[in-house]
Structures are given as structure tokens and as C-alpha cells.
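Overview (structure and organization)
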Amino acid sequence: MNKFVATLMATLVLSAASLTAKAETVDITLAAGHPPVFRWVKHANQTFIPAVNKALEGSDIEVKWSEQYGGSLAKVGGVLEAVEEGLAEVGLVSSLFEAAKLSPQNVTYYTPFVSSNATAIANLMDKLHRENKELRKSWEDNNLEYLGAAIGIDDYLLMTNFPVNSLADLKGKKIGAPGPAVNWLKGTGAIGVSGNLTTYYNELKTGVYDGVIVFASAALPGKLYEVASHITRVGFGAQYAGGIAANKDWFDAQPRKLQDALHRGGEAQREAYLKDLDSAVSSALETMRSKGATITDVNPEFRANWAKGMDNVAKKWAAELDGKGQPGSKVLSAYMDAMRKDGAKPVRNWDQE
């Protein structure tokens with residue numbers, strides 16, 4: 001009997017050792033160009049990683065994470081290339097700053113004045129990515145697997161170091177704007193300059209810009225109210241600015257359990273990020289007001305005149321993509337139709353003109 005028990009215990013020990021030997025540790029570097037002070041990066045640490053880890057509980061896979069934020073591995077606009085080349089396995093890719101490689105994903109930035117509902121836009125864009133192979137192809141052509149976690153951006157504002165009471169006040173002023181949002185300034189008399197959140201403060205402080213197009217939830221942590229205290233709520237609208245993606249060659253080589261866990265992490269990040277965002281926007285504006293900012297809401301006539309003075313850059317953008325064999329007009333129509341169905345009332349129906 002003792003010999004039997006000893007044999008059984010030895011067998012169990014060997015079995016346990018065998019299971020332990022099969023456990024796999026996967027090294028994943030997660031990169032972001034922006035620092036964690038911004039909400040989408042904060043949630044990469046607080047939501048995405050924990051969600052992936054939780055989804056792997058009980059499996060034989062454990063992830064060892066290396067978090068590289070704030071340009072430590074790749075700067076804003078350089079994360080796509082870093083993930084594409086395998087310098088990072090996963091990254092928060094700002095499609096906004098990848099207009100050449102992820103042009104279809106920039107549909108919202110070519111259609112301002114549509115909706116201020118960031119949640120609706122982010123959920124729609126992730127849905128379109130799930131359903132539209134052509135939209136996913138933009139990522140896959142760059143060796144990326146789209147994991148979701150749509151970065152919805154709250155209603156864009158105009159922040160300036162001078163008051164804006166009419167469009168005429170913008171004439172000759174240098175205004176920084178991200179990516180395709182520079183197009184929003186056409187017809188206003190302002191001089192649009194490409195920029196991003198990591199440089200806005202210093203460029204406003206040193207006089208490179210007279211103002212910037214930005215959103216409240218980032219303007220507050222970026223302390224832009226200190227150098228551009230006049231906040232004009234023009235109603236440019238909420239936007240989609242990218243999501244989380246993995247190196248596709250690496251992703252395809254991973255076990256299905258890890259692939260599924262990464263996608264679940266993307267879903268969890270989108271939900272938590274948007275919930276956090278919705279509660280933060282109004283408080284951000286009030287906090288900036290309490291710190292000396294002046295907040296002005298334009299009237300519908302001002303907004304309509306701004307929108308009408310713009311070229312229909314959406315139609316031009318869509319036609320250019322169509323000419324390259326990409327789904328420009330399809331994405332434009334799908335997006336605008338979905339937003340109208342959701343209750344949005346665009347100042348201009350960019351797809352129908």
C-alpha cells in the first residue's frame with residue numbers, strides 16, 4: 001500500500017511538472033506615442049492589459065508586458081511603423097496621424113459638424129471594422145491586426161489666445177490642428193498648421209500658434225487653458241482617432257487563446273474608455289473655466305457659415321481613395337448613413353452633395 005501511494009505521488013508530481021513545463025510566457029511590448037496623462041493611454045494600462053490577463057486565466061499562457069509610452073519607443077505618428085516592423089507587438093495606433101496608410105479610417109475627420117456623440121462614433125467605427133473587410137484591409141496591408149478599442153474623441157473646440165466673436169476674427173491667425181482637421185480651417189482666413197497634443201502647449205506659449213483645434217478631455221490635462229484661455233465651442237464634432245493593433249505576422253503565430261484575449265482586451269478598453277470619457281468632458285470644461293478660461297458657445301448661424309465656407313473635402317477624399325481602389329465612397333456613405341440613423345443632424349450632408 002505504501003509503495004502504491006509513493007508511486008501515485010511520484011506520478012502526480014511528474015504530471016504537475018509536465019504541466020508547468022508546458023506553460024508559456026509571451027513577451028509583449030505595448031507602445032503609445034502619447035503619454036499616460038491622456039485617457040486612451042491610461043486605459044491601456046488600467047483596462048486593456050488587465051482584461052487580456054483576465055481572459056488568459058486558467059490557460060497555459062502568461063504575458064510579460066513591457067509598456068512603452070510617451071514616445072519612449074515611438075513618437076506620435078510613428079507607432080504604426082513600430083508595430084508593423086515588430087519593434088512592438090502591440091500599439092495604440094493613431095489613424096489620425098497615418099493619413100497615407102490608414103486613410104479610410106479618417107472618415108470622421110473629413111466630415112466635421114456631424115455629431116458630438118463620441119460613444120456613438122467609436123462604437124460605430126469598431127462595428128464597421130468587424131463587418132467591413134475592406135476597412136480592415138487598410139490595417140492588414142500594413143501588417144497589422146486591428147484589435148478594436150476605438151479611440152473616440154469628444155467634441156472638438158477652438159482654443160485661442162484671443163477672443164473669437166466672428167469668423168473675421170480668425171483672419172491671418174495661425175491655428176494648429178491635428179492631421180486632416182487642418183482642412184476645417186479652409187475658408188476662414190486662418191492659417192492652418194499641422195500639430196498634435198504633445199507640442200501644442202509650447203507652440204502656443206512661444207507664439208508659433210495663436211490657437212489650436214483640440215478637445216476638452218485632453219485640453220485640461222495638457223493645461224492648454226494657461227496659454228489659450230479663450231475656448232470657443234464651435235461644434236466641430238466628435239471623432240474617431242484610431243485604436244489598438246498588433247503586428248499581424250506575430251498575431252497570426254500566436255495561440256487562439258491569446259488572439260481571443262487580445263480582442264477581448266480591445267472590447268474592454270473601448271467600453272471603459274468611453275464610460276470614463278463621457279463623465280469627464282463636462283467637468284473638464286468647468287475646471288478650465290474655474291482656472292480662468294472663458295468659454296463661448298457659437299450660435300447656429302456661426303456654425304452653419306463656417307461649415308458652408310469649407311470645400312467638400314469629404315467627397316474629394318472619397319474620390320481619391322476610389323481612384324486607388326480603396327473604399328472611399330463606400331465608407332463615407334456607410335458612416336454618414338449610420339450617423340443619421342443614430343439621430344445625428346449634420347450641418348452638411350457631405351456624402352449627398
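Residues numbered from 1 in each chain as written. Predicted model: local features only at pLDDT ≥ 70, side-chain atom pairs only at ≥ 80, totals over all residues. Heavy atoms only, no water.

Ranked by internal contacts, the top residues of the largest apolar core, which has 117 residues, are W40, F48, M159, L262 and W306. Broken down by element, this core gets its largest block of residues, nine residues, from helix α9 (residues 256–290). What W40 contacts, discounting residues up to four positions off in sequence, is H34, L92, I151, I153, L197, F215, Q269 and Y273. (Core = buried A, V, L, I, M, F, W, Y, C linked by side-chain atoms within 4.5 Å. Buried < 20%, exposed > 50% of the residue type's maximum accessible area, 1.4 Å probe, protein only. Helix = DSSP H or I, 4+ residues; strand = E, 2+ residues; numbered from the N terminus. Contact = heavy atoms within 4.5 Å.)

Quick look at helix α5 (residues 133–140) now. Of all the positions in α5, only L135, S138 and W139 are classed as buried. Down the axis, α5 shows its buried residues gathered within 100 degrees of arc, on one side only. Buried residues along α5 sit against β3 (90–93), α4 (118–131), β4 (144–148), β11 (239–240), β12 (243–247) and α12 (328–341). At the N-terminal end of α5, a side-chain oxygen is found 2.8 Å from the backbone nitrogen of E134, two or three residues along, and the residue is N132. (Arc of directions from axis to C-beta. Polar contact = N/O pair within 3.5 Å; in protein donor to acceptor, adjacent residues only side chain to side chain.)

Right, let's get into the environment of Y209. The topology assignment puts Y209 in the loop between α6 (197–205) and β9 (211–215). Taking C-alpha positions, Y209 is 8.1 Å from V193, a pair spaced 16 residues apart along the chain. Engagement of the side chain of Y209 in a polar contact is seen with the backbone oxygen of S194, the distance being 3.2 Å. Within the structure, Y209 has its side chain in polar contact with the side chain of E203 (distance 3.1 Å).

Our focus in this paragraph is the pairing of strand β10 (residues 230–233). In terms of strand pairing, strand β6 (residues 156–160) meets β10 through three bridges, oriented antiparallel. Along β10, the bridge assignment pairs T160 with H230. Inspection of the sheet shows β10 paired to strand β13 (residues 294–297) by four bridges, in the parallel sense. Residue R233 lies in a different strand from β13, and its bridge partner there is D297. (Pairing = 2+ DSSP bridges.)

To continue, consider the packing of aromatic side chains. Evaluated as defined, the whole model comprises 14 aromatic pairs. Considering the side-chain rings of Y109 and Y156, the 5.9 Å spacing of their centres and the 75 degrees angle between planes classify their relative orientation as edge-to-face. Taken together, the residues span a long stretch of sequence, with Y109 in the loop between β3 and α4 and Y156 in strand β6 at a distance of 47 residues. Y109 gets classed as buried once you look at its relative accessible area, which sits at 0%. An aromatic cluster is defined as three or more aromatic residues linked by ring pairs; in this entry it consists of F38, W40, Y109, F113, Y156, W184, F215, F236, F302 and W306. Looking at K173, its charged tip hangs above the ring of F162, at a distance of 4.7 Å from the centre. (Phe/Tyr/Trp six-rings, centres within 6.5 Å; stacked < 30°, edge-to-face > 60°. Lys NZ or Arg CZ within 6 Å of the ring centre and 35° of its normal.)

As a further point, take the packing of helix α2 (residues 39–55) against α9. Remark: α2 packs on α9, axes separated minimally by 8 Å, with the N-to-C direction vectors making an angle of 140 degrees. Between α2 and α9, the angle falls in the class oblique. Handedness of the crossing formed by α2 with α9: right-handed. Of the residues in α9, those in contact with R39, W40, K42, H43, A44, T47, F48, A51, V52 and A55 of α2 are A261, L262, R264, G265, G266, A268, Q269, A272, Y273, D276, L277 and A280. Taken together, the residues of the contact of α2 with α9 sort by class into 13 nonpolar, five polar and four charged. (Axes fitted to C-alpha atoms, helices over the stretch in contact; angles between N-to-C directions. Parallel < 35°, antiparallel > 145°, perpendicular 65-115°, else oblique. Left-handed = near helix turned anticlockwise from the far one by under 90°. Nonpolar A, V, L, I, M, F, W, Y, C, P; charged D, E, K, R; others polar.)

Attention shifts here to the pattern of salt bridges. Going through the model one piece at a time under the given rule, you end up with 16 salt bridges. Of the charged contacts in the structure, one is a salt bridge between K137 and D141, with a shortest N-O distance of 3.0 Å. One salt bridge in this structure joins R340 and D351, with 2.8 Å as the shortest N-O distance. Of this pair, R340 sits in helix α12 while D351 sits in the segment after α12, and the two are eleven residues apart along the sequence. (Salt bridge = Lys/Arg side-chain N within 4 Å of Asp/Glu carboxyl O.)

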